[in-house]
Amino acid sequence: MVDKSSREVTIVGATGQMGRWFTQYFANRGWHVHAYSRSEEKLCWLKRELAAPEPGGSISFTTGLHECIPRSAWVLLSVPITAHEEAIAGVAPLMGKDAVLFDIASVKGRIPALLAGARKEHGIHVLSTHPMYGPGAESMTNKNFILIDLEGDRSVVDRFRAIIEPDRPTIIEATADEHDRMIALTLGIPHMLNILFGKLLRDLGADITRLVSFEGTTFHLQHLISQEVLTQEPFIYATIELENRAFIDMLPEFKRIVDELVDILKHKDYDGFIKQFVTIKEYFSIVPEFKSVGYRFNSAAKRSLDIIKEGKEPAT
Ligand SMILES: NC(=O)c1ccc[n+]([C@@H]2O[C@H](COP(=O)([O-])OP(=O)(O)OC[C@H]3O[C@@H](n4cnc5c(N)ncnc54)[C@H](OP(=O)(O)O)[C@@H]3O)[C@@H](O)[C@H]2O)c1
């Protein structure tokens, strides 16, 4: 049994991108963090990389689950989507009765069921979460943070909300199914379109350096997003595409729409093109920020171009 108010957390996968982020996050807020890795070598590297925590917080580094898990009130799984089954099986039996095991996976799939199974078998508490930002985020302020109540009585969700609310994220509560459907649209589709964009240019044999000298604002921003997607860790991005059933189920519709648009273009169907264009514009125009689209678009491009011209990233 662990003390519910204890501020002791284990991060499983602390050497990874998000694991490192959450290790620093909790330590800077006065928690004692057990940074767990399977590798001594990676822990040595992590020790050198992390900044000293703010006063009150502390970090210990361990390759021994038996050392840290039984003492932790919270255990954060920050491992690849495909590694959750193994990680839950290794961690859950060692946890104290009132401790909470939670994930931050970008696709839920079977993870909620695995966590619920661990709750049933080991009498622990469980929660599923998804911070909608990457390891480059300075803070979670104003970033979306999705919470999925796996126990149905809100108690663990409310305890977690109390931990993160001081940092003012935008908290959204959802079911696991809704999460995966929405993530198929907010991560699966944009990642695929940006990979497609790069693949099309490359497969068409376009000289990218020469192409950039012909760019307008739309190409500049589209190229920027595509570059950003393709500089991420390939395996983690593969899991976002390949592990989300809701995304895979959308692919036939994706193919149908591409064929429909290609037909419109091939047949010089001006009416068809304009009808599609206006219908999609009307669909987008419902969100209030649609009013400022031109301003935000040009500001983003200007900022990016200024950074290139200055030849260096601004000091943060
Ligand atoms: N990257 C993002 O932008 C982002 C954003 C939101 C959520 N997420 C989610 O956060 C989680 C972690 O993503 P990440 O980008 O931080 O991944 P990552 O950089 O690849 O790190 C994952 C860590 O998990 C550990 N690990 C790998 N396989 C394992 C296994 N079988 N058992 C136990 N530990 C294992 C590794 O640590 P050791 O080898 O040291 O043990 C590794 O450093 C994923 O579920 C992802 O969907 C990622």
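Residues numbered from 1 in each chain as written. Predicted model: local features only at pLDDT ≥ 70, side-chain atom pairs only at ≥ 80, totals over all residues.

**Student:** It is not clear to me how the sheet that holds strand β8 (residues 170-173) should be interpreted in this structure. Could you clarify?
**Tutor:** Backbone hydrogen bonds are what pair the strands of a sheet, in a parallel or an antiparallel way. The mixed open sheet is built from 8 strands, whose spatial order is β3-β2-β1-β4-β5-β6-β7-β8. Of all strands in the sheet, those with a lone pairing partner are β3 (58-62) and β8, marking the two edges. If you compare each strand with its neighbour and ignore which way they point, the axes differ by 25° on average. Alignment of strand β4 (residues 74-77) against strand β5 (residues 100-103), held across 4 bridges, turns out to be parallel. Along β5, the bridge assignment pairs Val 75 with Leu 101. (Pairing = 2+ DSSP bridges. Helix = DSSP H or I, 4+ residues; strand = E, 2+ residues; numbered from the N terminus. Axes fitted to C-alpha atoms, helices over the stretch in contact; angles between N-to-C directions.)

**Student:** What is the right way to look at the site of the ligand in this model?
**Tutor:** Neighbouring the ligand are 26 residues, the closest being Gly 13, Gly 16, Ser 37, Ala 83 and Gly 134. Elements supplying a minimum of two residues to the shell around the ligand: α1 (17-28) and α4 (84-91). For the shell around the ligand, the leading source of residues is α1, giving 3 residues. (Near = placed C-beta within 6 Å.)

**Student:** Just checking my understanding: could you explain the domain arrangement of the chain for this structure?
**Tutor:** Interfaces are often sized by the amount of accessible area the parts lose when they come together. Along its sequence, the chain is carved into domain 1 (8-174) and domain 2 (178-249 + 286-310). Here the C-alpha centroids of domain 1 and domain 2 sit 29 Å apart. In this assembly, 12 residues from domain 1 lie in contact with 13 residues from domain 2. Residue composition of the side of domain 1 that touches domain 2, grouped by class: 6 nonpolar, 5 polar and 1 charged. (Domains from an automatic or database assignment. Contact = placed C-beta atoms within 7 Å. Nonpolar A, V, L, I, M, F, W, Y, C, P; charged D, E, K, R; others polar.)

**Student:** How should I be thinking about the pairing of β3 in this particular structure?
**Tutor:** Remember that side chains alternate between the two faces of the sheet whenever the strand is regular. Side chains of β3 alternate between two faces, with Ile 59 and Phe 61 buried and Ser 58, Ser 60 and Thr 62 left unburied. Note: strand β2 (residues 32-36) against β3, 5 bridges, orientation parallel. Along β3, the bridge assignment pairs His 34 with Ser 60. Crossover β2 to β3 through helix α2 (residues 40-49) is right-handed. (Buried ≥ 20, exposed ≤ 12 C-beta atoms within 10 Å, placed from the backbone. Right-handed = clockwise from strand over helix to strand, strands pointing away.)

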